[in-house]
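Remarks on the overall topology
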Amino acid sequence: MALTKQTMTDEQRKSVALEYLKAFDHGQTSTGGSILDLFADDAQVMFPKWGIANGKEQITQLFTDVGGTLKGIRHDYANFNWI
């Protein structure tokens, strides 16, 4: 199977970002999946005071560490300014 890389449109990137934030708010994606389903195996996530997480295993640890400091989270999607 050949892998291809395609450039995402701004609307596709916005859709993924919105799904990511909603998954944080609701504990799962809109389809009931894990937030990790939104990441490639070699993804990187940077979070201030935690650092850079490389790959799904470290991203899981980052979410566990950061999530453990929060009682809850809610994003105000209607008032986002998309740049």
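See the structure shown above.
None of these values were measured; they are calculated from a predicted model.

A surface patch of nonpolar side chains, amounting to about 230 Å² of accessible area, comprises F24, L70 and I73. With respect to the element layout, F24 can be found in helix α1 (residues 10-26). Residue class for F24 comes out partly exposed when judged on its relative accessible area of 30%.

Relative to the helices and strands, V45 resides in strand β1 (residues 44-47). Residue class for V45 comes out buried when judged on its relative accessible area of 10%. Taking the C-alpha atoms as reference points, V45 and K56, 11 residues apart in sequence, are found 9.4 Å from one another. Setting aside residues no more than four positions away along its own chain, V45 makes contact with F39, G51, I52, A53, I59 and L62.

Moving on, we get to the pairing of β1. Strand direction decides the pairing type here: β1 and strand β2 (residues 51-54), joined by 4 bridges, are antiparallel. Residue pairing across strands places Q44 opposite N54, the latter belonging to β2. Counting the residues in the hairpin turn of β1 and β2 gives 3 residues, including K49, whose phi is positive at 70°.

All right, on to the packing of aromatic side chains then. All told, the structure shown has 7 aromatic pairs when counted by the stated rule. Pairing Y20 with F24 gives two aromatic rings, centres 5.0 Å apart and planes at 90°, and the pair type is edge-to-face. With Y20 and F24 both in helix α1 and 4 residues apart, the pair spans about one turn of that helix.

Two side chains with opposite charge may pair up if their charged atoms get near one another. Scanning the entire structure with this criterion turns up 2 salt bridges. The salt bridge partner of R13 is D10, with a shortest N-O separation of 2.4 Å. Note that R13 and D10 are positioned in helix α1 at a spacing of 3 residues, about one turn of the helix.

Across its 17 residues, α1 extends 24 Å between first and last C-alpha, which sits within 8% of the 24 Å expected from 1.5 Å per residue. Of all the positions in α1, only E19, L21, A23 and D25 are classed as buried.

Criteria and cut-off values
- Residues numbered from 1 in each chain as written.
- Predicted model: local features only at pLDDT ≥ 70, side-chain atom pairs only at ≥ 80, totals over all residues.
- Heavy atoms only, no water.
- Patch = residues over 30% accessible without salt bridge, like charges linked within 9 Å, V, L, I, M, F, W, Y side chains within 5 Å.
- Areas by Shrake-Rupley, 256 points an atom, 1.4 Å probe, with all protein chains shown as cover.
- Salt bridge = Lys/Arg side-chain N within 4 Å of Asp/Glu carboxyl O.
- Helix = DSSP H or I, 4+ residues; strand = E, 2+ residues; numbered from the N terminus.
- Buried < 20%, exposed > 50% of the residue type's maximum accessible area, 1.4 Å probe, protein only.
- Contact = heavy atoms within 4.5 Å.
- Pairing = 2+ DSSP bridges.
- Phe/Tyr/Trp six-rings, centres within 6.5 Å; stacked < 30°, edge-to-face > 60°.
- Expected span 1.5 Å × (residues − 1).

Read these as layout, nothing more, since geometry by itself doesn't imply function.
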